[in-house]
Amino acid sequence: MSATAPSAAASVVNPDDVVLPGGASALEALPWRGLFTVLFLGVTAGIQMSDRGLQAVLSPAIQQAFAVSDAAIGAMHGVAGILIASALAVPLARLADRHSRKGMLLTLIAVWTALTGVSAMASSFPLYFAARAALGVSEFAMIPVVYSLIPDLVGERFRVGANLSFAALMATGASAGFYGGGALLGFAQELGGAVGGEAGSGALASWRLAIVVLGAAGIPLFLAGLLTWDPPRGIARAEAAEERGALSAFVRTHGRDLLLFVGAAGGLAIAVQALTPMIALALGRRYGADLTAIGHALGVILLVTNLSSLPLAGTLDRVLRRHLGARARPAVMAAGAALSMPCALALSIAGNARPALALVAGFLLLTCIANALIPTLLQDLLPPTIRARCFAIYSFVIAAFCSLGPVLSGAVSDRWMGGDLLGAIAAVSVPALMLTVLCAGLQVARRADRPV
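The structure reproduced in this document is the subject of the present report. (Residues numbered from 1 in each chain as written. Predicted model: local features only at pLDDT ≥ 70, side-chain atom pairs only at ≥ 80, totals over all residues. Heavy atoms only, no water.)

## Some remarks on the pattern of salt bridges
Spelled out, the test is: When a carboxyl oxygen of Asp or Glu is within 4 Å of a side-chain nitrogen of Lys or Arg, the pair counts as a salt bridge. Secondary structure elements follow DSSP: runs of H or I of four or more residues count as helices, runs of E of two or more count as strands, with numbering from the N terminus.
On inspection of all chains with the given rule, the structure shows five salt bridges. A salt bridge links Asp51 to Arg132; its shortest N-O distance comes to 2.6 Å. Highlighted residues: Asp51 in helix α1 (residues 31-66) and Arg132 in helix α4 (residues 125-194), separated in sequence by 81 residues.

Have a look at this one:
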């Protein structure tokens, strides 16, 4: 859901200039505590991300239970699950810049656990929508806090690897929500039958029980989180006196590049989110495929495409920067968006579920490669004391575009395509990808004379 940030080599903090309270260099910090904490945070964020995959698999049951349209389901995924959640995450990230980040993360885990139960018991769609928005806040707020924390947990030597590992664990969780959603729903059906509930209605409906079961995972996560490390914030000597004005100065210095960055990132975000939360519903509707089988296939696709994109993106960045310098990262983004457009177009005319899933896999792999290095780029640019806030603001800006994806695909399906959700996904994705190609291409042109 990201795009390449402007290169600013002059803004990169030299790790030798980073000091921790007590005078220790970040490079001297023992990594094992930090690496354990990164592992825990990745698993936690992954389980939270699995909630999004589960919601996608449960969308047909939710739609039937509340008798709502495709547009309403799209709004649930986009507006409640992304836009509102990311907006409210910004003030929480501000608190994390000022107070204990470990305390903030533990609070978010506890809140997430409680809100899954609240959402599962909602008696109407407006209440469910509100509960999903509140639940999404706890998911969105965690990610910027973690990316703020990683440089202080592991130091410069392990930073890129820690970022990619955290992203890999989140991706694994997101895919697990799809892959295991059908099985979890089946388990909930058995459990609901044992206690006298009926699937699809009432407090014991199977889809509601599935959400509760997933939320229960927050209890052991909270207990394990008590053992994690809360490191002091590293402060760059060269930037310590300018922390208050760092954000405004950054915007003034890189304003034009930021507009192109937001355009490229936003187009990609619309395209990806037009597909990901709606694809299970779309495939089940057109091909009459079993939701459990679709969930398994999508889970594998999400896992493989996300995990394989990380080393591929790292390799492309390393190789291309030798030849293209600062142009390499926006060039990778433009190429990924351009190559994914044929996949989106062909999806609307796929003859059956198998080629449709292959096209989904190609689309997701190419778009994932374009996104992989964004957290590292932003860490390079941002002072430590406002890092969580800036990540949250970045997430909100991109989330505004993300929320448009499922909303537009659901609305286009309802109003203009007679319920052809696959066709609507293609109709929304392709123009958005064209915007990404244009903005990323302009970034390449602007960076022609810049150093790495």
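Now, onward.
## What about helix α3 (residues 101-120)?
Rules: In this scheme, a helix's expected span is set at 1.5 Å multiplied by one less than its residue total. Identification of polar contacts relies on pairs of N or O atoms within 3.5 Å, with a donor-acceptor requirement for protein atoms, meaning one able to donate a hydrogen and the other able to accept it, and with residues adjacent in sequence counted only if both atoms are side-chain atoms.
Taking 1.5 Å per residue as the helical rise, α3 with its 20 residues ought to reach 28 Å, and the 29 Å between its terminal C-alpha atoms agrees with that figure. Looking at where α3 begins, the residue whose side-chain oxygen comes 3.4 Å from the main-chain nitrogen of Lys102 is Ser100.

## Remarks on unusual backbone geometry
Its identity is not glycine, yet Ala67 carries a phi of approximately 55°, on the positive side. Looking at the element boundaries, Ala67 is found in the loop between α1 and α2 (70-98).

## Some points on the nonpolar core
Note the threshold: Put simply, a nonpolar core is a bunch of buried Ala, Val, Leu, Ile, Met, Phe, Trp, Tyr and Cys residues held in one set by side-chain atoms that sit within 4.5 Å of each other. Whether a residue is buried, partly exposed or exposed follows from its accessible area with a 1.4 Å probe, protein chains only, as a fraction of its type maximum: under 20%, in between, or over 50%, in that order.
With 74 residues, the main nonpolar core has Trp207, Ile279, Leu347 and Phe363 as its most contacted residues. For this core, the element with the highest residue contribution is helix α15 (residues 421-446), accounting for ten residues. Listed in part, the 37 residues of the second largest apolar core include Ala141, Leu153, Leu310 and Val332.

## With respect to the packing of helix α8 (residues 255-275) against helix α12 (residues 353-371)
Worth spelling out the cut-off: For helices, the axis comes from a line fit to the C-alpha atoms of the stretch in contact; other axes are also lines fit to C-alpha atoms, and the angle between any two N-to-C directions lies between 0 and 180 degrees. Here is the rule for handedness: rotate from the far helix to the near one, and if that takes an anticlockwise turn smaller than a right angle the crossing is left-handed, while a clockwise turn gives right-handed. By definition in these notes, contact holds between two residues if any of their heavy atoms fall within 4.5 Å. Residues are grouped as follows: nonpolar covers Ala, Val, Leu, Ile, Met, Phe, Trp, Tyr, Cys and Pro; charged covers Asp, Glu, Lys and Arg; every other residue, Gly included, is treated as polar.
Between α8 and α12, whose axes approach to 11 Å, the crossing angle comes to 145°. Of the two elements, α8 crosses α12, and the hand of that crossing is left-handed. Seen from α8, the contacting residues are Leu268, Ala271, Val272 and Leu275; seen from α12, they are Val360, Phe363, Leu364, Thr367, Ala370 and Asn371. When grouped by side-chain class, the residues that make up the contact of α8 with α12 number eight nonpolar, two polar and no charged.

## Regarding the environment of Asp414
On the secondary structure map, Asp414 appears in helix α14 (residues 387-415). Along the chain, Asp414 and Ala71 lie 343 residues apart, while their C-alpha atoms are 6.8 Å from each other. Ignoring any residue separated from it by four or fewer positions in sequence, one finds Asp414 in contact with Ser69, Asp70 and Ala71.

## Some remarks on the environment of Phe187
Note that Phe187 resides in helix α4. Residue Phe187 is classed as partly exposed on the basis of its relative accessible area of 43%. Separated by 19 residues in the primary sequence, Phe187 and Ser206 place their C-alpha atoms 8.3 Å from one another.

## Examining the environment of Leu164
Looking at the element boundaries, Leu164 is found in helix α4. Separated by 146 residues in sequence, Leu164 and Leu310 place their C-alpha atoms 6.6 Å apart. Setting aside residues no more than four positions away along its own chain, Leu164 makes contact with Leu310 and Ala372.

## Describing the packing of α8 against α15
This is how it is decided: Any angle that is under 35 degrees is reported as roughly parallel, and any over 145 degrees as roughly antiparallel; angles of 65 to 115 degrees are reported as roughly perpendicular and all others as oblique.
Where α8 contacts α15, the two axes come as close as 8 Å, and the packing angle between them is 155°. Overall, the two elements α8 and α15 adopt an arrangement that is roughly antiparallel. Note that α8 runs across α15; the crossing there is left-handed. Contacts between α8 and α15 involve Arg256, Asp257, Leu260, Phe261, Gly263, Ala264, Gly267, Leu268, Ile270, Ala271, Ala274 and Leu275 from the former and Ile425, Val428, Ser429, Ala432, Leu433, Leu435, Thr436, Cys439, Ala440, Leu442, Gln443 and Arg446 from the latter.

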